[in-house]
Amino acid sequence: MGWKDSLESLKEFAAAPWFPILVGALSGANLFVLVMSGPLVVLYCSAVLTNPRRWFFTACANAVGTVLGCLLLVTLMEARGSDFVKEAFPSTFKSKWWSWTEQTMQSYGSVAAVPIAAMPIILHPLIFFAKLSSMGNATLLGSILLGRVLKYSIMAQMALGAPQALRFFGASKETIDTVKKGS
């Protein structure tokens, strides 16, 4: 089975009505494994490209999956304390986005949650600092949902019209080339 056959198989799989929900669930799981970002961009874009009419549903399914992962993370933080994030995900604490999120949340408070959630960055710092500032779970998760719907809507439009712009969402050249071949 060659590259072209693999791409055709992915297209058939991605055309299934349940595929965006699967990708959303994987996005939620990625909060805990942190290594699926590249493959998830390919899967997400494949879902959009195989059925462009359902791009908004795909964006919402991905956002909901991410929020469910965030809900689990918030629940774990409440049960184990806020240091759980630092202990369980030490690489996120060292990320440049950690200090940026901290500064942004300190400067703008909860108003910053939606724009931060729309950024192509990890959500752990946002969740951590939102919980430290006593932001309510509904406000936090609603902000993440809104921000991620926005992010994934923009990504869908980029996949459909300008795949090279996916680099602004952290997609590698290899991932962009794969998306271009899928369109």
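The shown structure was predicted, so the numbers you read here are calculated from the model rather than taken from an experiment.

### So, the packing of aromatic side chains
Right, so step 1: The tally for this structure, following the rule as stated, stands at eleven aromatic pairs.
Right, so step 2: Aromatic pair Y44 and Y152: ring centres 5.5 Å apart, planes at 45°, arrangement tilted. Of this pair, Y44 sits in helix α3 (residues 37–50) while Y152 sits in helix α10 (residues 137–161), and the two are 108 residues apart along the sequence.
Right, so step 3: For Y44, a relative accessible area of 1% gives the class buried.
Right, so step 4: Plain terms: the ring middles of W55 and F56 are 5.6 Å apart, the flat faces sit at 80° to each other, and that makes the pair edge-to-face.
Right, so step 5: Looking at W55, the relative accessible area reads 26%, which means it is partly exposed.
Right, so step 6: Of the aromatic side chains, those joined through ring pairs into one cluster are F13, W18 and F19.

### Comments concerning a nonpolar patch on the surface
Right, so step 1: Together, V64, L68, L71 and L145 make up a nonpolar patch on the protein surface, roughly 320 Å² of accessible area in all.
Right, so step 2: For the nonpolar patch, the leading source of residues is helix α4 (residues 55–80), giving three residues.
Right, so step 3: Take V64: its relative accessible area is 40%, and that puts it in the partly exposed class.

### Quick look at the nonpolar core
Right, so step 1: One finds F19, Y44, C45, Y152, M155, L166 and V179 to be the most contacted residues of the largest nonpolar core, which totals 27 residues.
Right, so step 2: Listed by contribution, the elements that provide at least two residues to this core are α1 (3–14), α2 (19–33), α3, α4, α10 and α11 (173–182).
Right, so step 3: At eight residues, α3 tops the list of elements feeding residues into this core.
Right, so step 4: Dropping the residues within four chain positions of it, L166 is found in contact with C45, M155, M158, A159, A171, I176 and V179.
Right, so step 5: Within the second largest apolar cluster, 26 residues are counted, among which are V85, I121, L140 and L141.

### Let's talk about helix α7 (residues 96–108)
Right, so step 1: When the terminal C-alpha atoms of α7 are compared, their 19 Å separation across 13 residues agrees well with the 18 Å that a helix rising 1.5 Å per residue should span.
Right, so step 2: Here α7 has its buried residues at W98, T101, T104 and M105. One side of α7 carries all its buried residues, which in axial view fall inside an arc of 135°. Looking at α7, the residues exposed on the side facing more than 90 degrees away from the buried face are K96, Q103, Q106 and S107.
Right, so step 3: Residues of α7 that are buried make contact with α5 (83–88), α6 (90–93), α8 (113–118) and α9 (124–132).

Conventions used here
Residues numbered from 1 in each chain as written. Predicted model: local features only at pLDDT ≥ 70, side-chain atom pairs only at ≥ 80, totals over all residues. Heavy atoms only, no water. Phe/Tyr/Trp six-rings, centres within 6.5 Å; stacked < 30°, edge-to-face > 60°. Helix = DSSP H or I, 4+ residues; strand = E, 2+ residues; numbered from the N terminus. Buried < 20%, exposed > 50% of the residue type's maximum accessible area, 1.4 Å probe, protein only. Patch = residues over 30% accessible without salt bridge, like charges linked within 9 Å, V, L, I, M, F, W, Y side chains within 5 Å. Areas by Shrake-Rupley, 256 points an atom, 1.4 Å probe, with all protein chains shown as cover. Salt bridge = Lys/Arg side-chain N within 4 Å of Asp/Glu carboxyl O. Core = buried A, V, L, I, M, F, W, Y, C linked by side-chain atoms within 4.5 Å. Contact = heavy atoms within 4.5 Å. Expected span 1.5 Å × (residues − 1). Arc of directions from axis to C-beta.

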